[in-house]
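These are the residues of each chain, in order.
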Amino acid sequence: MLITALLSLIPVMPSSPAGAQETGPPGDGVVVTESGLVLPVREKQPDGYLVTTTCWNEATVRGGTHLSRVEVVIDPGHGGSETGAVGRNGLSEKDLNLAVSKLLAEELRSRGFGAVLTRTDDIRLPIVVRAEIARALKPDVFISIHHNGGAVSRSTLPGTEIFHQIRNTNSRRLAGILYEEVQGALAVYDVDWRKTALQGASSVWDYQTDADLYGILRRTPGIATVITEAAYLSNPAEASLLADPAVQKVEAMAIADGIERYLTTTDPGSGFNPMFSFTRPATTGGVRGCPDFEYEDIGRDEQGFDDYQSGDYLDGVDELAAYGILAGTECGPDLICPDQPIRRWMMAVWLVRTIDGQDPDPILKSRFADSPTDRWWAPFVERLAELGITRGCAVDPIRFCPYEMVNRAQAASLISRAFPLSENHEIVFVDVSKSSHAEAINKVVAAGITGICSAPPARFCPEEHLTKAETAMYLARALRIFPPPVHPSPQNPVPPLHNGLDSG
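Residues numbered from 1 in each chain as written. Predicted model: local features only at pLDDT ≥ 70, side-chain atom pairs only at ≥ 80, totals over all residues. Heavy atoms only, no water.

## Re the nonpolar core
(1) Moving on: Counting 103 residues, the largest nonpolar core has I74, L104, I143, I259 and W350 as the members making the most contacts within it.
(2) Moving on: Counting residues per element, this core draws most heavily on helix α8 (residues 344-356), at nine residues.
(3) Moving on: Beyond its immediate chain neighbours, meaning those up to four positions away, I259 contacts V72, L104, L108, V141, I143 and L178.
(4) Moving on: Of all hydrophobic cores here, the second largest spans 26 residues; its members include V73, V129, F142 and F278. (Core = buried A, V, L, I, M, F, W, Y, C linked by side-chain atoms within 4.5 Å. Buried < 20%, exposed > 50% of the residue type's maximum accessible area, 1.4 Å probe, protein only. Helix = DSSP H or I, 4+ residues; strand = E, 2+ residues; numbered from the N terminus. Contact = heavy atoms within 4.5 Å.)

## Points about the sheet that holds strand β8 (residues 115-117)
(1) Moving on: Read from one edge to the other, the open sheet built from six strands follows the order β8-β7-β9-β16-β11-β13, with strand pairing classed as mixed. Sheet topology places β8 and β13 (200-202) at the edges, where each strand pairs with a single neighbour. With strand direction ignored, the average angle separating the axes of adjacent strands in the sheet is 20°.
(2) Moving on: In this structure, strand β9 (residues 141-148) lies alongside strand β16 (residues 225-232), joined through six bridges in parallel fashion. Pairing of I145 across the sheet is with T228, part of β16.
(3) Moving on: Running over the sheet, helix α1 (residues 93-110) touches β7 (72-76), β8, β9 and β16 and is turned about 145° from β9.
(4) Moving on: Where helix α3 (residues 169-186) meets the sheet, its contacts fall on β9, β11 (161-164), β13 and β16, and the angle it forms with β16 comes to roughly 20°. (Pairing = 2+ DSSP bridges. Axes fitted to C-alpha atoms, helices over the stretch in contact; angles between N-to-C directions.)

## Some thoughts on the environment of D121
(1) Moving on: Mapped onto the secondary structure, D121 falls in the loop between β8 and α2 (127-137).
(2) Moving on: For D121, a relative accessible area of 47% translates into the label partly exposed.

## With respect to empty space enclosed by the protein
(1) Moving on: Enumeration according to the criterion identifies one cavity of 30 Å³ or more in this entry.
(2) Moving on: Taken as a whole, the largest cavity encloses approximately 30 Å³ of empty space.
(3) Moving on: Around the largest cavity, the lining residues are R408, A411, A412, I415, V444, I449, T450, F460 and Y474.
(4) Moving on: When the residues that make up the lining of the largest cavity are grouped by side-chain class, the tally is seven nonpolar, one polar and one charged. (1 Å grid on protein atoms, 1.4 Å probe; cavity = no way out; pocket = protein on both sides within 12 Å on 5 of 7 lines; lining within 4 Å. Points joined across faces, edges and corners; volume = space filled by probe spheres on them. Nonpolar A, V, L, I, M, F, W, Y, C, P; charged D, E, K, R; others polar.)

## Remarks on the packing of α3 against helix α6 (residues 245-264)
(1) Moving on: Remark: α3 packs on α6, axes separated minimally by 8 Å, with the N-to-C direction vectors making an angle of 145°. For the pair α3 and α6, the crossing hand works out as right-handed. Along the contact surface, α3 presents N170, R173, L174, I177, L178, E180, E181, V182, A185 and L186, while α6 presents V247, V250, A254, I255, D257, G258, I259, R261 and Y262.
(2) Moving on: Tallied by class, residues from the contact of α3 with α6 come to twelve nonpolar, two polar and five charged. (Left-handed = near helix turned anticlockwise from the far one by under 90°.)

It is worth stressing that arrangement in space is one thing and function is another; only the former is reported here.
Structure follows, in structure tokens:
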């Protein structure tokens, strides 16, 4: 809940960028402790990590799971002594925010996206720490989950409010999409809704500082950050509805739909309001009175992923993890989501690290219209194209289709271009004879990188999507044959495809 007094409606943008962003150290990923604390890393040390604590202090931890990147950071608003709004039925906003956030993370991971929560328990977490977690992980989306209080005006539709940054067009587009999804999902319920003038997708300017009023938006420059206020806990009818776990799931699904739309489409969103101007002192989210924890030797040191302790492709996953190839592509703390299909952007990251043995330099421009340079994986996609391993997925404009899933045939072509494979096998697959990927499939099978999917007769299943675990095994086998760095060269040219695109 974000309670403010409406002073005026401002139809123009502020004059110039704010000077002080009130940001702390940029961070180097986070460490997640066994108890679930998410601690931004300020400095990697020989015997552990210097971290920001949950109350904006410094401490050293000697264990824990380090995460360098994630696609989505989810911030359950309030917590601990800061309850937020409380419904007449006793439902507190802090608990509702956390419940929806956990469901959202689960849903995103089931769709193949990585997600981390800023808090996983009922703890006090100042806004400055929440923002530092986001800056440390550099996500594509940072979303702070809230539920509202204070509205009295009746409405035929939910009074859903989504707040975006005043100077970030990505944040604005994300807010408009989320407004459509969340309000649309809740509107199916027959409830006596409440609203304010902020119903819709809005930005709020603090004219005294010439910056975003809300700290979570102000402290995360360069990250597409939004605040969601799905409905009003202060309205007994809405509080009763939000207490239903099934409705909480509907809300989480709607937010996940919005995030996926934002990441995979160019949809503009709707419901935008003119910019509001408020001023008020912050009453919650500060550091004063925050109870901290003891941090010495806190954490965990176990290796591997909690969701993949055994399986046919475990060796491959472990090998790539040991090389550092999987860093930043986990789907959560100690989670790899092995059965989820691998997406093209992730395939690019893994391939480049496999063949180059290192990460590429940052880029200022991308040749692909759908791989903007503000996405952390864009340099990997550009490097893959530079090496001639990818031609993209479409032209006019040239696109990479980063969020499309990779099938077995496409993976065969990408791998055959990345490594100097020779064709030498006698298996005839009944389902690949007419495929433009046939030659590449023959090469990866002959090299022992992959094999048949069923027999008899022998089938390759070229259209079947590859899982993350299968892909890891393929690349681990390639690494055993061709240790890094190996990449295309004049002596190892890239084989042409019939239409010049990866899809074949």
